[in-house]
Amino acid sequence: MKLIIKIVFVVVFVAGCNGATLGSLTKQLTNLETELIDARNADDAAAEVAAAGELRTLASKAESNAGKAKTTPDVIAFYRIAATAAWQGESTNVVALGTSGFDKCKELGLATAPTRDCFMLRVIPDLAATDKLTARLDQATEDIKAERAKPVADRSPEVIAQIGVEGDAIFDGFQNRFDGFKAAKADFVDIALPDGLDELNEKNKNFIFCRMRDALAVQMLSVGNTAPEFAENQAELETIRQDHDPNDQINCAAS
Amino acid sequence: MSPDLISFAFRALLRLGNAGKSALAQYARDRDAVFPDLIQPEPDLTVFVTGFFAQQNRQHFVAPGTGPYAEFWSPTGPNESDPQSVDALYIAIVKIRSEEGIDITNAMSADTEIAAGMVMIEQWADENEPVGPLARVLITVADIALEYVANDPSIAGLDGRGEKLLAAFAQSLSTILPDDGNLGPKHRFAQRLFGVALRAGLETITSNTDILFDEEHVRDLLDKSLMPVIDSLPDNIVEQLDFKRTLEAISGPALSAALGTIADYPGAFLGKDFASTTAIGAVTQAVLTEASDGDFADLFEHDGLERVYKAALGVAATRPELFIDEISGDADDTARQLLTKFADVLRKDRDDDSPGIGSQLGVAVLEVVQTNVHLYVNADQPWEGLAADLLESMLTGFKEGVIDGNHHPLQTVFSKEQLVELGRIVLDQIASTPSMIASGNAEITRLVGLIASLVAADEDLLLTGDDWREVAAVIVAEAAANPGRLFDLDGTHPNEKLAEELIKLVIKAASDSMRSVGRAGGATLFGETLREAIIIVVTATSGNSAAARDHLPKIEAILTQLTAFVADNKEQFGSKEWLALFRDLLTVVLSGTEVDELTIELAITILEGEDA
């Protein structure tokens, strides 16, 4: 009888190595993400860089496991971990990981594939791009403020014009991300999302809308409201607002 | 160790191993996962106010010349010549947004800076969540346990009856569940349905201490009743929910009744003859499948479907040939046809004043069929159709016999049980008179209608339900023996409802007497006396309908005269004397002899003659 129990134990727990690896990588991702957030909130650049580096390593490990996993749901789960870690580690292959993972979801059929994992794989490339745009926005804001802090005579028209161009590019980038989140939701329109996921997507769309407004502000602060690109962006923002937030409920001060 | 047990052990290990691996991976995949927040921008008040007023729908606030805050604004954002412009514009935004119901106060202060964070998100929406990892293992373990019980039932620790039942369930369920532990919707539904059925079976054992199960028969019953139901699980998820909910609610009582049938008819479920098992399996499957439509069960009202189903099980157990195809030996469509035909009748003749009557009469019909099956097996017409026709005839007769459509006199006199009993009397008589079945449904409808109309005529409620049952028994017996003009059961003389006229004369005389003098005044014609008077009229005239027709006025006169006479002489005469005098005088009238005026002397003479 003891022998049978031992065999059962081995069969169940040793043979189940995919589950064990998935569990371990999932835990690592949560721990590293916590470290990263703590570092960011503490403005501890060194700790942030260290966490980001470990996240990139984790992304590679998860990607490697995705290639070896035997069931499609397991492959998808490994890709989700890889894409999330790559996004947070600011790796360059986020889009590739998201696309590869989401292709597996489509193979399985979105109606039966793991909902959260597939939704994340669908939006993570846009989320990673958004973070990069936000960083560019911060830089542009800093630049234009620095320029405007100078006496008018000392300001460089070329630098200001360049910031205006950057503001326009950031605006366009955010607009593309907004369309990306909208399209992701459309892909899952017939599928019930787990608690909080839909709200999270809406929150991210609100965030993008506010950043588009910030980008428009950077453009105005640099080139004024007479540039054709500014007028164009202003009209596009209004179209998006009327569609996304017709009652003006988004509080950009809080997002 | 037996080869069976070794084989079982390997299968069990394989199954548990597969399920364990799969469950572990699913657990890891489906754990809540981290979903990081987007990185927040560095808050900047100038960018914030500029972005707000740069929007097309906010520009009017700072429009040159007309905007209320134009003095703080320039073509490149806040007016750089006024160092207070950014703060002034921020206060303006707070005011504007406040009027719109949005509070942004202090949003831009340093202490409200939002820290980057993350949320944990589940894998599935509640409705899409697959069977949980633990449940998957448990199901597999349960499957193994059941299979083990099938190999060695004695470990169940129950007596022999329970062992056989468990073994039967174990084997049936084990054949459904997949070895790889990957359960689809049908497997999960089957597992739940079998669970419900097993509980029903164990309850049946508890309440039937002398029940003896033959394992093969129980397994055959489960396979034949549940498998087709499981196979008919709809593909559509919404329909599946309704289907499962209904089936899980009714399958317990249904299986309990089916197993109870084995207890009720043990002789039919032993040995290698599976005809009865096939038949009750077919009835059970039919009731489960049909009742998955909620409207169907509603037609039978309350516990009507269960009653009809149990009655049908009785027929199936004792007369399996009625449900089985003669050539193939498999169950045919009879059980389903029977239920749907009954449902059609109930749908058509539903009587909201008498809920449940239809289904209870349906039970009575099936009981008559069960004991007189030879009368119903007719090559020209399916027996289930005949049974449904019989039910319809009964219901139509009850309905048509009630003249006053505004109320339901039958309900005033009879309890539901008595009404059903009344129907049963008619049915019993029909069963003992095969010619009535052969002559068609119209006769039965008229007979039931006649009784219903007589009950309705007793407006003063002079007879009880029990009295009417006895009267009805005599009427049915006489009608069966003499279906001619007295009852016009063949419908050839629709205007000559002689029996009805005669009985109503008796009731009228009784009512008149009761209203004019009352009990205290010597009225005797009510209750038992009235019942006997009606029976005398029916029995005396049924064989002599022509004379009764010819002397109808005289019969009425006798009734009036005799009732008044006994009331006037209540000290000397009572109900017993009334009946004796009526019996004698009615014979005289029917013989065509003139009746002398009733005097005390004549009455005494007649009564003395009776005594003699």
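Please read all numbers here as calculations on a predicted model, not as lab measurements.

Quick look at the overall build of chain B
Broken down by element type, chain B carries 26 helices and four strands. In chain B, which comprises 612 residues, the proportion classed as buried is 52%. Here the analysis covers contacts within chain B between residues at least 6 apart in sequence; of these, 75% occur between residues at least 24 apart. For chain B, the accessible surface area stands at approximately 27100 Å², while carbon and sulfur atoms represent 52% of it.

Focus: the pairing of strand 1 (residues 33–36) of chain B
All names here are of chain B. In strand 1, alternate side chains face the same way, and those of Ala33 and Phe35 on one face and Val34 and Pro36 on the other are all buried. As judged from the four bridges shared by strand 1 and strand 4 (residues 118–121), these two strands associate in the antiparallel manner. Directly across from proline 36, in strand 4, lies its bridge partner methionine 118.

Some points on unusual backbone geometry
Positive phi, close to 55 degrees, is recorded for A:Glu90, a residue that is not glycine. Among the secondary structure elements, A:Glu90 is positioned in the loop between helix 4 (72–88) and helix 5 (94–108). The exposure class assigned to A:Glu90 is partly exposed, which follows from its relative accessible area of 49%. Here the phi dihedral of B:Leu461 falls at roughly 55 degrees; this positive angle occurs in a residue that is not glycine. Following the sequence through the fold, B:Leu461 ends up in the loop between helix 19 (441–457) and helix 20 (465–481).

Some words on a negative patch on the surface
There is a patch of like negative charges on the surface, built from A:Asp195, A:Glu199, B:Asp32, B:Glu122, B:Asp126, B:Glu127 and B:Glu129. The topology assignment puts A:Asp195 in the loop between helix 7 (157–187) and helix 8 (197–223).

Section: the interface of chain A and chain B
Counting from both sides, the interface comprises 81 residues of chain A and, opposite them, 60 residues of chain B. Taken over both partners, the interface formed by chain A and chain B buries close to 6000 Å², and the fraction arising from carbon and sulfur atoms is 62%. Where chain A packs against chain B, one counts six salt bridges. The closest approach of N and O atoms between B:Arg29 and A:Asp74, which form a salt bridge, is 2.6 Å. Between chain A and chain B we count 19 residue pairs in polar contact (both at pLDDT 80 or more) in total. Put simply, the parts of the chain that give the side of chain A that touches chain B at least two residues each are helix 1 (2–14), helix 2 (17–41), helix 4, helix 6 (115–149), helix 8 and helix 9 (228–244) of chain A. Residue contributions to the side of chain A that touches chain B peak at 15 residues, all from helix 8 of chain A.

A look at the confidence of the model for chain B
Residues and elements named next belong to chain B. For chain B, the average pLDDT comes to 77, and 72% of its residues sit at 70 or higher. Of all the helices and strands in chain B, helix 4 (residues 133–151) carries the lowest mean pLDDT, 57, while strand 3 (residues 77–78) carries the highest, 96. For residues 108–114, every residue scores under 50 in pLDDT, and the model assigns this stretch twelve contacts once sequence neighbours within four places are set aside. Per the prediction output, this complex has pTM 0.50; the corresponding ipTM is 0.92.

A word on the packing of helix 2 (residues 45–54) of chain B against helix 3 (residues 85–99) of chain B
Residues and elements named next belong to chain B. Two elements in contact, helix 2 and helix 3, have axes separated by 10 Å at closest approach and are oriented at 55 degrees. It follows that helix 2 is oblique to helix 3 by the angle criterion. Here helix 2 runs over helix 3; the crossing is left-handed. The residues of helix 3 that touch helix 2, namely those facing Leu45, Thr46, Phe48, Val49, Phe52 and Phe53, are Val86, Asp87, Leu89, Tyr90, Ala92, Ile93, Ile96 and Arg97. Its residues placed into classes, the contact of helix 2 with helix 3 shows eleven nonpolar, one polar and two charged.

Some remarks on the state of the cysteines
Residues and elements named next belong to chain A. Within the structure shown, the criterion is met by two disulfides over all chains. There is a disulfide in this structure between cysteine 105 and cysteine 118, and the S-S distance comes to 2.0 Å. Here the disulfide of cysteine 105 and cysteine 118 is left-handed, its torsion about the S-S bond being about -90 degrees. With a gap of 13 residues between them, cysteine 105 in helix 5 and cysteine 118 in helix 6 connect regions that are remote in the sequence. Exposure remark for cysteine 105: the relative accessible area of 0% places this residue in the buried category.

A closer look at the side chain of A:Arg148
Here A:Arg148 is to be found in helix 6. Within the structure, A:Arg148 has its side chain in polar contact with the backbone oxygen of A:Leu221 (distance 3.2 Å). In this structure A:Arg148 touches A:Arg155, A:Leu221, B:Thr76, B:Pro78 and B:Glu80, once residues within four positions along its chain are discounted.

Rules behind the numbers
- Residues numbered from 1 in each chain as written.
- Chains lettered and ligands numbered in written order.
- Predicted model: local features only at pLDDT ≥ 70, side-chain atom pairs only at ≥ 80, totals over all residues.
- Heavy atoms only, no water.
- Helix = DSSP H or I, 4+ residues; strand = E, 2+ residues; numbered from the N terminus.
- Buried < 20%, exposed > 50% of the residue type's maximum accessible area, 1.4 Å probe, protein only.
- Contact = heavy atoms within 4.5 Å.
- Areas by Shrake-Rupley, 256 points an atom, 1.4 Å probe, with all protein chains shown as cover.
- Pairing = 2+ DSSP bridges.
- Patch = residues over 30% accessible without salt bridge, like charges linked within 9 Å, V, L, I, M, F, W, Y side chains within 5 Å.
- Salt bridge = Lys/Arg side-chain N within 4 Å of Asp/Glu carboxyl O.
- Lys, Arg positive; Asp, Glu negative; His and termini not counted.
- Charge placed at Lys NZ, Arg CZ, Asp CG, Glu CD.
- Buried area = accessible area lost by both parts, 1.4 Å probe.
- Polar contact = N/O pair within 3.5 Å; in protein donor to acceptor, adjacent residues only side chain to side chain.
- pLDDT = per-residue confidence, 0-100.
- Axes fitted to C-alpha atoms, helices over the stretch in contact; angles between N-to-C directions.
- Parallel < 35°, antiparallel > 145°, perpendicular 65-115°, else oblique.
- Left-handed = near helix turned anticlockwise from the far one by under 90°.
- Nonpolar A, V, L, I, M, F, W, Y, C, P; charged D, E, K, R; others polar.
- Disulfide = S-S within 2.5 Å.

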